[in-house]
Amino acid sequence: TICMSSSLQSEEFYTRFHQQLLESTSWPSLYVFKFIVPSNEEKINTLTRMFQTLSPQIATKKSSNGKYTSITLKATVDSPDLVIKKYKQVSQIEGIISL
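Described below are features of the structure shown in this document. Predicted, not measured: the structure shown is a model, and the values here were computed from it.

### A word on the environment of Ser 29
With respect to the helices and strands, the residue Ser 29 is situated in strand E1 (residues 29–38). By relative accessible area, Ser 29 is classed as buried at 15%. For the pair Ser 29 and Ile 97, spaced 68 residues apart in sequence, the C-alpha separation works out to 23 Å. Ignoring any residue separated from it by four or fewer positions in sequence, one finds Ser 29 in contact with Ala 75, Thr 76 and Val 77.

Quick look at the structure:
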């Protein structure tokens, strides 16, 4: 699992991540995206809308105190470029943690 902070990562990080994805996976592939977001309906909806075109299976689970929601999205992705594009896109959501 690659853990990314909510801030934009350096291009060097994404270059290494791209290479790892190329070497470890045959494309297209079922890819599992995992995120933790503050339990805010607007943020959750924004996140799921970003993946709408991939028709993902979506699972959500609130934390025990209800402050955060973990979201798992499984979708068939054509390339590592699209995986990275999605991670960069969701990093715009305030408070999101990408796992």
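### Considerations on the pattern of salt bridges
Under the definition given, this model contains one salt bridge. The salt bridge partner of Glu 12 is Arg 16, with a shortest N-O separation of 3.1 Å. Of the two residues, Glu 12 and Arg 16 both sit in helix H1 (residues 11–24), four residues apart, roughly one turn of that helix. Under the relative-accessibility criterion, Glu 12 is labelled exposed at 56%.

### Thoughts on the sheet that holds strand E2 (residues 57–62)
Taken together, four strands build an open sheet; the order of strands is E2-E3-E1-E4 and the sheet is antiparallel. At either end of the open sheet lies a strand with only one pairing partner, and these are E2 and strand E4 (97–98). Inspection of the sheet shows E1 paired to strand E3 (residues 68–77) by 10 bridges, in the antiparallel sense. By the bridge assignment, Pro 38 is partnered in E3 with Tyr 68. Packing of helix H2 (residues 41–50) onto the sheet brings it into contact with E1, E2 and E3, and relative to E1 it is tilted by some 165°.

### Focus on unusual backbone geometry
A cis geometry characterises the amide bond from Trp 27 onward to Pro 28, with omega recorded as -5°. Topologically, Pro 28 is positioned in the loop between H1 and E1. Phi at Ser 55 takes a positive value of approximately 50°, unusual for a residue other than glycine. Relative accessible area serves as the criterion here: at 62%, Ser 55 is assigned to the exposed category.

What counts and how
Residues numbered from 1 in each chain as written. Predicted model: local features only at pLDDT ≥ 70, side-chain atom pairs only at ≥ 80, totals over all residues. Heavy atoms only, no water. Helix = DSSP H or I, 4+ residues; strand = E, 2+ residues; numbered from the N terminus. Buried < 20%, exposed > 50% of the residue type's maximum accessible area, 1.4 Å probe, protein only. Contact = heavy atoms within 4.5 Å. Salt bridge = Lys/Arg side-chain N within 4 Å of Asp/Glu carboxyl O. Pairing = 2+ DSSP bridges. Axes fitted to C-alpha atoms, helices over the stretch in contact; angles between N-to-C directions.

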